[in-house]
Amino acid sequence: QVQLVESGGRLVQAGESLRLSCAASGGTFSRYAMGWFRQAPGKERESIAAVSRSGLTTSYADSVKGRLTISRDNAKNTVYLQMSSLKPEDTAVYYCAARLSPLGGISLLGASEYSYWGQGTQVTVSS
C-alpha cells in the first residue's frame, strides 16, 4: 500500500510556470509507475503524463506536450510535474497516481489502470 500527497497547486497568471509535487509513503516507491491526471469541473479525468519506474521514459498527452515535464526522484519518493506557459484551460484539480509495474517503458494509460491516488491539488490559471 502506498499513500500519495500532492502539493504545489495555487493561483497563477496565464503564461507563468508552476511545479507540482507528489510525495509517496508506505510503499516501495521504485516499484510503481507514476502518472499525473487532471479533472476540470464537468469533464472526464484526463491522463496527461506518465513516467516509468526508473524515470528514464515518459509519455505525454498531445494536449500538453511541450509544456509539461514529468520526472521523479526515487531517493526522495517524489514525482514532479513541471508546467510552463500555463493557460486558463489548464485550470483543474491535478492528481498523481501509482500503479505496480514491471520494469520497462511507459505509455499513457487510463485512470482505471491505477490503483493508488492522491487527494488532488487545485491549479487555477487566470487570464
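The structure this text deals with has already been given above.
Residues numbered from 1 in each chain as written. Predicted model: local features only at pLDDT ≥ 70, side-chain atom pairs only at ≥ 80, totals over all residues. Heavy atoms only, no water.

1. Overview of the sheet that holds strand β7 (residues 68–73)
Where we set the bar: Pairing between two strands requires that DSSP report at least two bridges joining them. Numbered from the N terminus, helices here are DSSP runs of H or I no shorter than four residues, and strands are runs of E no shorter than two. Each axis is a line fitted through C-alpha atoms, and for a helix only the stretch in contact is used; angles between axes span 0 to 180 degrees, taken between their N-to-C directions.
What the four strands build is an open sheet, ordered β1-β3-β8-β7; its pairing is antiparallel. A single partner strand is all that each edge strand has here, and the edge strands are β1 (3–7) and β7. This sheet shows a mean twist of 15° between the axes of neighbouring strands, independent of strand direction.

2. Describing the nonpolar core
To keep it simple, the criterion reads: Here, the term nonpolar core denotes a set of buried Ala, Val, Leu, Ile, Met, Phe, Trp, Tyr and Cys residues that are joined through side-chain atoms within 4.5 Å. When accessible area is computed with a 1.4 Å probe and restricted to protein chains, residues below 20% of their type maximum are described as buried, those above 50% as exposed, and intermediate ones as partly exposed. Contacts between residues were defined by any pair of non-hydrogen atoms, one from each residue, lying within 4.5 Å.
Membership of the largest hydrophobic core comes to 31 residues, with the highest contact counts inside it found for Leu 4, Met 34, Trp 36, Val 79, Leu 81 and Tyr 94. Breaking this core down by element, the ones donating at least two residues are β3 (18–25), β4 (32–39), β5 (46–51), β7, β8 (78–83), β9 (92–100) and β11 (121–126). Ignoring sequence-local partners within four residues, the contact set of Tyr 94 consists of Glu 6, Leu 20, Trp 36, Phe 37, Arg 38, Ile 48, Leu 81, Met 83, Gly 120, Thr 121 and Val 123. Ala 33, Phe 37, Ala 50 and Ile 106 belong to the second largest nonpolar core, which has six residues in total.

3. Regarding the pairing of β3
By the bridge criterion, five bridges tie β1 to β3 in an arrangement that is antiparallel. The residue of β3 that forms the bridge with Gln 3 is Ser 25. Here β3 pairs with β8 via six bridges, running antiparallel. Looking at β8, one finds that Arg 19 is bridged to Gln 82.

4. A short note on the side chain of Asp 90
Here Asp 90 lies in the loop between β8 and β9. We classify Asp 90 as buried; its relative accessible area is 1%. The residues touching Asp 90, leaving out its near neighbours within four places in the chain, are Arg 38, Arg 67, Ser 85, Val 123 and Val 125.

5. Focus: the state of the cysteines
Put simply, the rule is: Two cysteine sulfur atoms make up a disulfide if the distance between them is within 2.5 Å.
Inspection of every chain in the model, using the stated rule, returns one disulfide. Between Cys 22 and Cys 96 runs a disulfide, and the two sulfur atoms are separated by 1.9 Å. With the S-S dihedral at roughly 50°, the linkage between Cys 22 and Cys 96 falls on the right-handed side. Placement of Cys 22 in strand β3 and of Cys 96 in strand β9 is noted, with a sequence separation of 74 residues between them. The same class applies to Cys 22 and to Cys 96, which are both buried.

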